[in-house]
Amino acid sequence: MINSEETFSDQLMNSIQQDIHVLELERQENSQDFLNIGANWQRSLNKLDLDIDQKQKLQDVAGGLKDLSTSHIYQLPAKFQQLLDIQLKVAGTTVSDGVSNQTQSFAIKSIADEIILLLRQITPSKKSSASYQDLIAQLELDIDINKLPEVIVKLAKFVESALAVKNEGFSAYLHELNKQLSGVQDFISKTQHVDDEGAKERNQADAQVRDSVSNIRASVTKATDLNSLQSLLSLQLNQIVGAMDSMKNGELKRESHLQSSYNTLKQRVSVMEKEAEKVHFYIAEERKQARQDALTGLPNRTAYNEIMAHQIESFKRYQQPLSLVVCDLDHFKTVNDSYGHLAGDKVLSLVAKILLKGTRSSDFVTRYGGEEFAIILPSTKVANVAKAMDKIRLLICKSPFNYKSAPISISMSFGVCEAQPGDSIESLFSRADAALYKAKEAGRNRVEIG
């Protein structure tokens, strides 16, 4: 007989549980990515010159984002709307104060660039891919501030649709998995039913054989002549053989039926294994895309947060030095405005290569967003990091950046700091970011230690 539970139960159920667990983790991670986008937008707004009312509203949004769990991610578009309202009011204040059109244009462009950064962290559905690209193209051009509310509505819809795609894919896989599991359960139920029938027939055959043997004994005791005894024995033995044949035929029928069900089940399991392979591949690709910057190939902000979380824990446990660099290209907007975004993308790609070349294989170079990069340097004191960054700074200044035979002057500012006891991801980055701001204020193209 085929032992179905030993063949499939443990191995198959463990595999299914692993798939479901991985998919649930992926859903949570994607939701967390969107929460990170909102938190980083809030952080960038916090650097603006806000009035008391705006600061209070931003603080309320920050608290809401902090308390927002991945299971309530559907509330995020409303938070995005609040962030945009704050940024629009800042831009509106700038206009009403009579500042030049150039300043107004810069404010709108800053908002558009921030939204583009958010959009590039969203994977649109196939149906919305064209409108997604159209929106990015629209934002890359000069846009009217009155169109920004319409833009944020579209952004919110892309966030919702991206989450819906993830959830629909997850639900579809679970639905198909449930269908296949129903087939497995049917097979197990049939096997148990057949085993019960077999046990019943074996018990009946056993009882019949025992009765026949008992009758043989009685016949032997009562027999008065050989011929009558031979006749009785032949009759009882025929009954025993008949009972055994009947039991054997029943076993063969049940075995044939089970074998057919077993073959069908094998096909279903094969389909499930192929589907699981597709899901594993899809998850691996999604995880890679979610953590890799498409332009530079560097780990992105999401990957930075994961790497830094691990490094902070390692720093707390082993007390080994840990340094962080936040660096930013100087006057990068001028490059985009003068030469176009294609030239800007080329500059970013080349700078990423220089940063990788100037650091060790044990260091982590990431694109934090826009023209800003973050470098994590484990087991390294801040003084040594500052020297290494100064060499990279000089290398960037001397590198021949050209676009369509036109030379492009590029420089970069660096903020460096070292982890301290009690540091979190946020506090460590805040100190490095403050050092970068200090470098910018001091004239750019320099390294400052925070």
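Please refer to the structure higher up on the page.
A brief look at the structure comes next. Fair warning: this is a prediction, and the values are worked out from it, not measured in the lab. (Residues numbered from 1 in each chain as written. Predicted model: local features only at pLDDT ≥ 70, side-chain atom pairs only at ≥ 80, totals over all residues. Heavy atoms only, no water.)

## Observations concerning the overall build of the protein chain
Tallying secondary structure elements over the protein chain gives 12 helices and 7 strands in all. Taking all 450 residues of the protein chain together, the buried fraction comes to 41%. Of all intrachain contacts in the protein chain linking residues separated by at least 6 positions in sequence, the fraction that spans at least 24 positions is 73%. Of the roughly 25,000 Å² of accessible surface on the protein chain, 52% is carried by carbon and sulfur atoms. (Helix = DSSP H or I, 4+ residues; strand = E, 2+ residues; numbered from the N terminus. Buried < 20%, exposed > 50% of the residue type's maximum accessible area, 1.4 Å probe, protein only. Contact = heavy atoms within 4.5 Å. Areas by Shrake-Rupley, 256 points an atom, 1.4 Å probe, with all protein chains shown as cover.)

## Concerning the pairing of strand β1 (residues 322-329)
For a regular strand, the rule is simple: side chains alternate between the two faces of the sheet. For β1, the buried fraction is high: 8 of the 8 residues fall into the buried class. Along β1, one buried face is formed by L322, L324, V326 and D328 and the opposite face, lined by S323, V325, C327 and L329, is buried too. One ladder, built from 7 bridges, connects β1 with strand β3 (residues 372-378); its direction is antiparallel. Paired with L324 across the bridge in β3 is I376. (Pairing = 2+ DSSP bridges.)

## As for the nonpolar core
Within the largest apolar cluster, 31 residues are counted, with the highest numbers of intra-cluster contacts made by L355 and F414. Among the secondary structure elements, those contributing two or more residues to this core are β1, α9 (332-339), α10 (341-357), β3, α11 (382-398) and β6 (412-418). Not counting residues within four places of it along the chain, the set of residues in contact with L355 comprises C327, V365, F373, I375, I392, M412 and F414. I86, L88, L135 and I152 belong to the second-largest nonpolar core, a separate cluster that totals 26 residues. (Core = buried A, V, L, I, M, F, W, Y, C linked by side-chain atoms within 4.5 Å.)

## Quick word on α11
Relative to the 24 Å expected for 17 residues at 1.5 Å per residue, α11 spans 24 Å between its end C-alpha atoms, a close match to the ideal helical length. Looking only at α11, the buried set comprises V382, V385, A386, M389, I392, R393 and I396. End-on view of α11: buried residues confined to an arc of 125°, all on one side of the axis. Away from the buried face of α11 by more than 90 degrees, exposed residues K387, K391 and K398 are located. (Expected span 1.5 Å × (residues − 1). Arc of directions from axis to C-beta.)

## Section: α9
The complete set of buried residues in α9 reads F332, V335 and N336. Relative to the axis of α9, the buried residues are bounded by an arc of 95° and lie together on one face. In this structure, the buried side of α9 is in contact with β1 and α10. Residue G340 follows α9 closely and has a positive phi angle near 100°.

## Thoughts on the pattern of salt bridges
Counted by the stated rule, this structure contains 11 salt bridges. Residues E448 and R446 are paired through a salt bridge, measuring 2.9 Å at the closest nitrogen-oxygen approach. On the basis of relative accessible area, R446 is assigned to the partly exposed category, the value being 33%. Shared partners join several salt bridges into a network, and the residues in it are D328, D330 and K440. (Salt bridge = Lys/Arg side-chain N within 4 Å of Asp/Glu carboxyl O.)

## What about the sheet that holds strand β7 (residues 447-449)?
Strands sit in the order β2-β3-β1-β6-β7 across an open sheet of 5 strands; the sheet is mixed. Taken across any chain shown, the strands that pair with only one partner, and hence form the sheet edges, are β2 (364-369) and β7. On average, adjacent strands in this sheet sit at an angle of 20° to one another, irrespective of strand direction. When β1 meets β6, the two strands line up antiparallel, connected through 7 bridges. Paired with L324 across the two strands is C417, which belongs to β6. Docked against the sheet, α10 engages β1, β2, β3 and β6, running at close to 10° with respect to β3. Where α11 meets the sheet, it contacts β1, β3, β6 and β7, and its direction lies at approximately 170° from that of β6. (Axes fitted to C-alpha atoms, helices over the stretch in contact; angles between N-to-C directions.)

## Side note on the packing of helix α8 (residues 301-318) against helix α12 (residues 425-441)
When two helices pack together, their arrangement is given by the angle between the helix axes and the distance between those axes. In contact at an axis separation of 10 Å, α8 and α12 are set at 105° when each is read in the N-to-C sense. Comparing the axis directions of α8 and α12 gives the class roughly perpendicular. Here Y304, N305, M308, A309 and I312 of α8 come into contact with α12, specifically with I425, L428 and F429. Taken together, the residues that form the contact of α8 with α12 break down as 7 nonpolar, 1 polar and no charged. (Parallel < 35°, antiparallel > 145°, perpendicular 65-115°, else oblique. Nonpolar A, V, L, I, M, F, W, Y, C, P; charged D, E, K, R; others polar.)

## Looking at the environment of G297
Within the secondary structure layout, G297 lies in the loop between α7 (226-291) and α8. Judged by its relative accessible area of 39%, G297 is partly exposed. Separated by 56 residues in sequence, G297 and K353 place their C-alpha atoms 9.6 Å apart.

## Here we look at the packing of aromatic side chains
On inspection of all chains with the given rule, the structure shows 3 aromatic pairs. Pairwise contacts between aromatic rings join Y304, Y368 and F429 into one cluster. A cation over an aromatic ring shows up here: R301 above the ring of Y368, its NZ or CZ 4.7 Å from the ring centre. (Phe/Tyr/Trp six-rings, centres within 6.5 Å; stacked < 30°, edge-to-face > 60°. Lys NZ or Arg CZ within 6 Å of the ring centre and 35° of its normal.)

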